[in-house]
Amino acid sequence: MTAQAGLRYVYAVCRPFEAALQSQLTGVAGAPPGLLRHHGLVAVVSKVPEGDFAEEPLRDHLEDLDWLAATARAHQGVIDALTTVTTPLPLGLATVFRDDSGVRVMMEAREADFRHTLDRLEGRVEWGVKLYADPPEQESPPAGKPASGRDYLRQRRNRTHEYEEKRRAAEEFARTLHERLSRRAEDSRLHPPQNAALSGVPGQNLLNAAYLVARADSEEFVELVDRTKDEATGMRVELTGPWAAYSFSEPAQSRESP
Amino acid sequence: MTVVERREVALVDLLDRLLAGGVVITGDITLRIASARTLGEQA
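Cut-offs applied
- Residues numbered from 1 in each chain as written.
- Chains lettered and ligands numbered in written order.
- Predicted model: local features only at pLDDT ≥ 70, side-chain atom pairs only at ≥ 80, totals over all residues.
- Heavy atoms only, no water.
- Helix = DSSP H or I, 4+ residues; strand = E, 2+ residues; numbered from the N terminus.
- Buried < 20%, exposed > 50% of the residue type's maximum accessible area, 1.4 Å probe, protein only.
- Contact = heavy atoms within 4.5 Å.
- Pairing = 2+ DSSP bridges.
- Axes fitted to C-alpha atoms, helices over the stretch in contact; angles between N-to-C directions.
- Phe/Tyr/Trp six-rings, centres within 6.5 Å; stacked < 30°, edge-to-face > 60°.
- Polar contact = N/O pair within 3.5 Å; in protein donor to acceptor, adjacent residues only side chain to side chain.
- Expected span 1.5 Å × (residues − 1).
- Salt bridge = Lys/Arg side-chain N within 4 Å of Asp/Glu carboxyl O.
- Buried area = accessible area lost by both parts, 1.4 Å probe.

Participant: Give me the overall build of chain A: which residues, what numbers.
Facilitator: Across its full length, chain A holds 7 helices and 8 strands. Taken over 258 residues, chain A has a buried fraction of 45%. Expressed as a percentage of contacts within chain A between residues at least 6 apart in sequence, the contacts between residues at least 24 apart total 79%.

Participant: Tell me about the sheet that holds strand E6 (residues 187-190) of chain A, and name the residues and values.
Facilitator: Residues and elements named next belong to chain A. As summarised here, the arrangement of the 4 strands in space is E6-E7-E5-E8, forming an open sheet in which the pairing is antiparallel. Taken across any chain shown, the strands that pair with only one partner, and hence form the sheet edges, are E6 and strand E8 (235-243). Sheet twist, expressed as the mean angle between neighbouring strand axes with direction ignored, is 20°. Both E6 and strand E7 (residues 205-214) contribute to a ladder of 4 bridges, which runs antiparallel. Within E7, the residue paired with aspartate 187 across the bridge is leucine 212. Relative to the sheet, helix H5 (residues 149-184) contacts strand E5 (124-133), E6, E7 and E8, its axis offset from that of E7 by approximately 5°.

Participant: Which residues make up the packing of aromatic side chains, and what values go with them?
Facilitator: For any pair of aromatic rings, the description consists of the separation of the ring centres together with the inter-plane angle of the planes. Residue and element names in this part refer to chain A. Within the structure shown, the criterion is met by 4 aromatic pairs over all chains. Measuring from centroid to centroid gives 5.6 Å for tyrosine 211 and phenylalanine 221, while their planes differ by 45°, and the two rings are tilted. In this pair, tyrosine 211 sits in strand E7 while phenylalanine 221 sits in helix H7 (residues 215-231), placing the two residues 10 residues apart along the sequence. For the pair tyrosine 211 and phenylalanine 221, a shared accessibility class is recorded, and that class is buried.

Participant: Describe the side chain of threonine 95 of chain A, naming the residues involved and giving the relevant values.
Facilitator: Looking at the element boundaries, threonine 95 of chain A is found in strand E4 (residues 89-97). At a separation of 3.3 Å, a polar atom in the side chain of threonine 95 of chain A contacts the main-chain carbonyl oxygen of glycine 92 of chain A.

Participant: Can you break down H5 of chain A residue by residue, with the values?
Facilitator: Since one α-helical turn is 3.6 residues long, residues separated by three or four positions face the same way. All names here are of chain A. Taking 1.5 Å of rise per residue, the 36 residues of H5 would be expected to cover 52 Å, and the 53 Å separating its terminal C-alpha atoms lies within 8% of that figure. Taken together, the buried positions of H5 are Gln155, Ala170, Phe173, Ala174, Leu177, His178 and Leu181. Taken together, the buried residues of H5 touch E5, E6, E7, H7 and E8.

Participant: Break down the pattern of salt bridges for me, with residues and values.
Facilitator: Residues and elements named next belong to chain A. Counted under the stated rule, the structure contains 19 salt bridges over all chains. Two residues, aspartate 151 and arginine 154, come together in a salt bridge whose shortest N-O distance is 3.0 Å. Highlighted residues: aspartate 151 and arginine 154, both in helix H5, separated by 3 residues, approximately one helical turn. A salt bridge links lysine 229 to aspartate 226, with the shortest nitrogen-to-oxygen separation between them at 3.6 Å. Of this pair, lysine 229 and aspartate 226 are both found in helix H7, 3 residues apart, which corresponds to roughly one turn of the helix.

Participant: Provide a residue-level description of the pairing of strand E1 (residues 7-14) of chain A, including the pertinent values.
Facilitator: All names here are of chain A. Of all the 8 residues making up E1, 8 are buried; the element is thus mostly covered by neighbouring parts of the structure. The pairing of E1 with strand E3 (residues 41-48) spans 7 bridges and is classified as antiparallel. Paired with alanine 12 across the strands is valine 44, a residue of E3. Direction of pairing for E1 relative to E4: antiparallel, over a ladder of 5 bridges. Directly across from tyrosine 9, in E4, lies its bridge partner valine 96.

Participant: Kindly report on the interface of chain A and chain B, identifying the contributing residues and their values.
Facilitator: With 58 residues of chain A in contact, the opposing surface of chain B contributes 37 residues. Where chain A abuts chain B, roughly 4,100 Å² becomes buried across the two surfaces, and 64% of that area is made up of carbon and sulfur atoms. If you sort the residues of chain A by the area they bury against chain B, Arg73, Leu198 and Trp243 of chain A come out on top, with a joint share of 15%. One salt bridge connects arginine 17 of chain B with glutamate 126 of chain A, and the closest N-O pair in it is separated by 2.9 Å. For the interface between chain A and chain B, the tally reads 13 residue pairs in polar contact (both at pLDDT 80 or more).

Participant: Give me the lowdown on the sheet that holds strand E2 (residues 34-38) of chain A, citing residues and values where you can.
Facilitator: Residue and element names in this part refer to chain A. Taken in spatial order, the 4 strands of this open sheet run E2-E3-E1-E4, and their pairing is antiparallel. Where the open sheet ends on each side, the last strands, each with one partner, are E2 and E4. The mean inter-strand angle of the sheet, taken between neighbouring strand axes irrespective of direction, is 30°. Relative to E3, E2 runs antiparallel, the two sharing 5 bridges. Looking at E3, one finds that leucine 35 is bridged to valine 44. Helix H3 (residues 65-85) contacts E1, E3 and E4 of the sheet and is inclined by roughly 40° relative to E1.

Now the structure itself:
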């Protein structure tokens, strides 16, 4: 008997949940997600064509930013839908198996691990907070035209000093912000500064952090972040979320820094 | 459940999580996914 055509693309692992995912929900490659139950855990899976998701075509596709973006958004659509009805343990992009049995073997091997992590994450979501310094062009206009060389040097020194002061203050603010938010969260992760070339966002990224917060505490957490925006002169605070706990799916030590 | 500003999630925020986050599982199809940072350098 031939295996069911197509490969298996896995989005997340969850405990069984009551609610049905909406019928129009489509995942990667337009394939709707289904549930694969194994020993009391559930993998959320789409059947995807081998022509796109076998190793070689997949590698090529992942080099294509348009394909990657579309696939990432479709993937996230499924995770978002899951996050409204349960606490999914999210997988990274493009975790693909040959067939159902491949998925089951994996779930069997990782069962204890998954249960432990699901317990830890149950009822929690991730909030992302980024702090940006406003770019220097927006700083105060230059002093009047210098009357002499000495004058010019003095103005330049003052500007450098001013810039360094602002920089120091911004870094201090970032530290304090992270401390305040960490106290209100169950766990936190500091990520490397975000890639400006990819984000196209102006100004230096001073803080790029993730916070694990219980759903019940999230409204308060969001309000706290909002209040910090008033204190952030010459800087921007950006909040994203709620996310499934991407940054907390692995223990802190085990993830190598990218 | 509070949901913040329903503007579209920035691609870079999404890729940071999908490429560098989530539980690490080795599938049958084995690939090393380029990090978001590497993608940025190529873009």
